[in-house]
Amino acid sequence: MTDHIVSSYDVELDTLRSKIAEMGGIAEKMLGDATMALVRRDAALAQAVIAVDERLDALQHDVEERAVLTIAKRQPMAVDLREIVSAIRVAGDIERVGDLAKNTAKRVVAISNEMQPQKIVGGVQHMSDLVQAQLKDVLDAYAQKDTARALDVWQRDDRIDALYTSIFRELLTYMMEDPRNISFCTHLLFLAKNIERIGDHTTNIAETIHYLVTGKPLAAERPKSDDSSFTTVPVSGRQ
């Protein structure tokens, strides 16, 4: 390719990276603000999180269009093609993070006027703090093409799963002890699951980074410690 074409191609790739960085920043703030809204019972902040999701959706659509156009124009090979395909994947995962943060904010609005067991809310906040750290680290790893940092995020996800399982069981206990807790705890269960799923998307991005740099998928099985699906609910005093 001529120097002009190479230069134009580099600009296109830089634009994709810039758009994804912007998406990542928005998604991080959405999750942080949704969590803060839960802790503070701040329905207005939760509504702001819901409103900003439209911007994230528009950015993801823009990334996909630019990526497809670049493939059509440049017909890239090897690592260049992987970079564009990876951009589409990462943008998709970040968009889903935004959706989950928005859904979390909607749950916050629904329970903002209800009494909240602070111990459980604190547990959800702690899980969100861990997920926010994973999200930041994996976005930095993507920007730097740092496979070691990406693998570290990938390996940390089982801690999120284990914490979610603990919260899940504790919420079931609250619901069984007092039926008045059922409405609040049900919303909080879905809210906590949203945050746990955001953790899953960070591991998706970590796997994409490994593919981008090495050209190969991660060979190991993803670590999982969520056994909430196997938790039984006592009925009428029976286990």
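Now for a look at the structure at hand. Note that the structure is a prediction, hence the values are computed from the model and not measured.

Before going further, it helps to examine the overall build of the protein. The secondary structure content of the protein amounts to 6 helices and 0 strands. Element order for the protein, N to C, with α for helix and β for strand: α-α-α-α-α-α. Burial analysis of the protein (239 residues in total) assigns 44% to the buried set. Counting contacts in the protein only where the partners sit at least 6 residues apart, residues at least 24 apart contribute 85% of the total. When the accessible surface of the protein is summed, it comes to about 11900 Å², and 54% of that surface belongs to carbon and sulfur atoms.

What follows concerns helix α6 (residues 182-214). Residues spaced three or four apart along an α-helix face the same direction, because each turn holds 3.6 residues. Taking 1.5 Å per residue as the helical rise, α6 with its 33 residues ought to reach 48 Å, and the 48 Å between its terminal C-alpha atoms agrees with that figure. Trailing α6 by a residue or two, G215 shows a phi angle of about 80°, which is positive.

Our next topic: helix α2 (residues 43-74). Here α2 contains 32 residues, and its C-alpha end-to-end distance of 47 Å stays within 8% of the 46 Å for a straight helix at 1.5 Å per residue. All of the buried residues in α2 are L45, A46, V49, D53, L56, L59, Q60, D62, V63, A67 and T70. The backbone nitrogen of A44 lies 3.2 Å from a side-chain oxygen of the residue at the head of α2, namely D42. Q75, located one to two residues past α2, shows a positive phi value of around 45°.

About the criteria used
Residues numbered from 1 in each chain as written. Predicted model: local features only at pLDDT ≥ 70, side-chain atom pairs only at ≥ 80, totals over all residues. Heavy atoms only, no water. Helix = DSSP H or I, 4+ residues; strand = E, 2+ residues; numbered from the N terminus. Buried < 20%, exposed > 50% of the residue type's maximum accessible area, 1.4 Å probe, protein only. Contact = heavy atoms within 4.5 Å. Areas by Shrake-Rupley, 256 points an atom, 1.4 Å probe, with all protein chains shown as cover. Expected span 1.5 Å × (residues − 1). Polar contact = N/O pair within 3.5 Å; in protein donor to acceptor, adjacent residues only side chain to side chain.

Everything listed is a geometric property; what it means functionally is a separate question.
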